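# Coordinates in review
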Amino acid sequence: MTKSKSGRSAGDVKARGRKWFYTKTVKEHFFSPKNIFKTKAEAAKYKADGVGVVGSAACGDVMRMWIKVDREKDKIVDCKWMTFGCASAIASTSALSVILTERGGMKIDKALRIKPQDIVKRLGNLPAVKFHCSVLGDQALRAAINDYFKKTGQTGRIVPAN
Amino acid sequence: METYLDHAAATYVDERVKKEMDKYCLKEYGNPGSFNTVGLRAKEAVDKAREKVAGIIGAEPKEIIFTGSGTESINLAIKGVARALKKSGKGKHIITSTIEHHAVLDTCKYLEEEEGFEVTYVGVDRQGLVNPNDVESAIKEDTILISIMYANNEIGTIEPIEEIGAIARKRNVIFHTDACQAGMLDLDVRKLNADLMTLNGSKIYGPKGTGMLYVKKGTPIKPIIHGGGQEFGLRSGTENVPGIVGFAKALEIAQHERKREAKRLTKLRDALIKGLMKIPKVMLNGHPTKRLPNNVNVSILDIEGESLLLNLNEHGICASSGSACTSKSLKPSHVILALGVPAEIAHGSLRFTLGKRTTRRDIDKVVKVLPRIVERLRELSPVTIELEEKGEFKVRI
């Protein structure tokens, strides 16, 4: 570190920039997460067609996902989420929510085929040890979709958790 | 400029230390083992450093072994004594605590798994204190070594080392203390009743890659590094002359200034604790008063530590966390877990360690910035942890 007496201006120091451990996309999602509730009160009022929770706080990652479904089109049209976890867990849920809702939503059958790798790819990669975080995103989504199937009597479509 | 509050991880080198070291990089570059003028001058520097360090900790120069790190000193102390005593048939039982640094824990584990030693890990109370009585009751016929840290690196709790040392002495068991974080405390080995004591340079504004082990005269110990027989045969390898000189200077400054600096930092520490406790659902980890003057460790409920850390980093604040995500093992801090709090809470621990350049402004900045980060992350978190009476926790998802 340089002492302020050395004549270095604050601008120089700033220009050196902050170091960031993950990719730029992870950073964007982490600091400006998409499809989130502004407050918990807003979450309580949200009318979801399906809700799914996975993970454990003791293990360090919990994700909760809410989905809205256009029944006629069999399509997820909106989703919200909450995540307890590290930056990659938060960013990966955010990225998944974007994958689901961009271009007017996603067909349920297609959403069920989302793999952890798809989320990781969207984030521009994650450190290998962090892969388990993003795995949770697709599991939370599957749980929410199953919840929707259950609520709408489509029990035959329920996908067993792996 | 970064608000650096991670001094327990590493400190900057003090200007005065660097100045002394420079001389031994550029001019006095000799090998202390050489019989020529340049080498002999280097030897003189090492001898002087040894005398200086010995004087500071109340030891004799021959009892000071310079090493390459705190970790190396710990390895030498534990493996060295254990192997020496196993050979003499005295026993194979070691006592340590559950909150030691990995350098101690993993060395003990290695001896357990690979060399047939038996280890007792004494637990701690909710504040992280080792009870000397527990240590005493763990002593068996074949106990050869007790290793308890002077002050904990994560939660800052200062252990009753004098008492534990006295027990060890009474029961004729060798006592080692890892004092890596204790550069600001009283390091007189006679008062501490220590037979071995580990220190390192990079926590006391000295160079990284330097350490020291005090070995009381007559302590049975075997080297772990073999070769040219430097450091009285206990640590072969050409002496790191600039490092040794720098370490000695750093220790001299740290101990000379320690009382004043401890007073200054204690004030700042308590101001930071007070500021953080104003945030809802924050708990202090560690002891409120038997605590390093520069350590603050809190658990912020409902949030995971890494996300806190990275948000703080974005505000230019460098701290550290006991979160699983910041460890290579992906397990939350063994120290916080040893306090008896659930893993959910260990994941949300945050450590700030203050130092020489820390000012009131740094503290104010953290207290100003953190509540907003916490609020934002709590809105994003599906987990609610309630602290109930009797210190129980209830986790809701």
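Residues numbered from 1 in each chain as written. Chains lettered and ligands numbered in written order. Predicted model: local features only at pLDDT ≥ 70, side-chain atom pairs only at ≥ 80, totals over all residues.

### What about the overall build of chain A?
We apply this condition: Only DSSP runs of H or I covering at least 4 residues are called helices, and only runs of E covering at least 2 are called strands; the numbering of each starts at the N terminus. Here the C-beta atoms are placed from the backbone, and a residue counts as buried if at least 20 other C-beta atoms lie within 10 Å of its own, exposed if 12 or fewer do, and partly exposed otherwise. Residue pairs qualify as contacts under a 7 Å threshold applied to their C-beta atoms, which are placed from the backbone.
The helix and strand inventory of chain A stands at seven helices and four strands. Per-residue burial over chain A gives 40% buried out of 162 residues. A separation of at least 24 residues holds for 61% of the contacts in chain A among residues at least 6 apart in sequence.

### Things to note about the interface of chain A and chain B
Note on interface size: it is often stated as the accessible area lost on association of the parts. Short version of the rule: Only Asp, Glu, Lys and Arg are considered charged, only Ala, Val, Leu, Ile, Met, Phe, Trp, Tyr, Cys and Pro nonpolar, and every remaining residue, Gly among them, polar.
Of the residues lining the interface, 24 residues belong to chain A; the matching set on chain B comes to 24 residues. If you list the elements that add at least two residues to the side of chain A that touches chain B, you get helix 2 (24-31), strand 2 (61-70), strand 3 (75-84) and helix 4 (87-101) of chain A. Per-element accounting of the side of chain A that touches chain B gives the leading share, three residues, to strand 3 of chain A. Its residues placed into classes, the side of chain A that touches chain B shows 17 nonpolar, four polar and three charged.

### Quick look at the sheet that holds strand 9 (residues 282-284) of chain B
Residue and element names in this part refer to chain B. For clarity, the cut-off: Each pair of strands is called paired provided DSSP finds at least two bridges between the two strands. To obtain an axis, a line is fitted to C-alpha atoms, over the contacting stretch when the element is a helix, and the angle between two such axes runs from 0 to 180 degrees between their N-to-C directions.
Here we have four strands laid out as an open sheet, ordered 9-10-13-12, and antiparallel in their pairing. Edge positions in the sheet fall to strand 9 and strand 12 (320-321), since each of these pairs with one other strand and no more. With three bridges connecting them, strand 9 and strand 10 (residues 295-300) associate as antiparallel partners. Bridge pairing links methionine 283 to serine 299 in strand 10. Across the sheet, helix 8 (residues 241-277) is in contact with strand 9, strand 10 and strand 13 (349-353); its angle to strand 10 comes to roughly 10°.

### Looking at helix 12 (residues 360-380) of chain B
Residues and elements named next belong to chain B. Stated precisely, the cut-off is as follows: In this scheme, a helix's expected span is set at 1.5 Å multiplied by one less than its residue total. For a residue, the bend is simply the angle between two axes, fitted respectively to the seven-residue segment ending there and the seven-residue segment starting there.
If you check helix 12, its first and last C-alpha atoms are 31 Å apart, about what 21 residues at 1.5 Å a residue would give, namely 30 Å. Along its length, helix 12 reaches its greatest deviation from straightness, about 25°, at leucine 370, and the proline proline 371 lies no more than four positions downstream. Of the positions making up helix 12, those classed as buried are Asp362, Ile363, Val366, Leu370, Ile373, Val374, Leu377, Arg378 and Leu380.

### Considering the sheet that holds strand 7 (residues 196-200) of chain B
All names here are of chain B. Spatial strand order, 2-8-7-6-5-3-4: seven strands in an open sheet with mixed pairing. Sheet topology places strand 2 (64-67) and strand 4 (118-122) at the edges, where each strand pairs with a single neighbour. Averaged over neighbouring strand pairs, the angle between their axes works out to 20° when direction is ignored. Where strand 3 (residues 93-97) lies against strand 4, five bridges are found, and the strand directions are parallel. Note that in strand 4 the partner of serine 97 across the bridge is valine 122. Contacting strand 5 (143-147) and strand 6 (174-178), helix 6 (residues 161-170) crosses the sheet at an angle of about 160° to strand 6.

### What about helix 2 of chain A?
Short version of the rule: Directions pointing from the helix axis toward each C-beta atom define the arc.
Taken together, the buried positions of helix 2 of chain A are Val26, His29 and Phe30 of chain A. Along the axis of helix 2 of chain A, the buried positions cluster into a sector of 100°, meaning they face one direction only.

### Description of the confidence of the model for chain B
To keep it simple, the criterion reads: Predictor confidence is given residue by residue as pLDDT, running from a minimum of 0 to a maximum of 100.
Summing up the model confidence of chain B, the mean pLDDT is 95 and the portion of residues at 70 or higher is 98%. Listed scores for the predicted complex are pTM 0.92 and ipTM 0.85.

### As for the pairing of strand 1 (residues 50-56) of chain A
Residues and elements named next belong to chain A. Across seven bridges, the pairing between strand 1 and strand 2 is antiparallel. Opposite serine 56, over in strand 2, you have aspartate 61 as the bridge partner. Here strand 1 folds back onto strand 2 in antiparallel fashion, the turn holding four residues, of which glycine 60 has a positive phi close to 105°.

### What about the pairing of strand 8 (residues 211-215) of chain B?
Each regular strand displays side chains that alternate between the two surfaces of the sheet. Residue and element names in this part refer to chain B. Among the five residues in strand 8, five count as buried, and that is most of the element. Here strand 8 shows two buried faces, one formed by Gly211, Leu213 and Val215 and the other by Met212 and Tyr214. The sheet contact formed by strand 2 and strand 8 spans four bridges and is antiparallel. Paired with threonine 67 across the two strands is glycine 211, which belongs to strand 8. Judged from the five bridges that link them, strand 7 and strand 8 form a sheet pairing that is antiparallel. Within strand 8, the residue paired with threonine 198 across the bridge is leucine 213.

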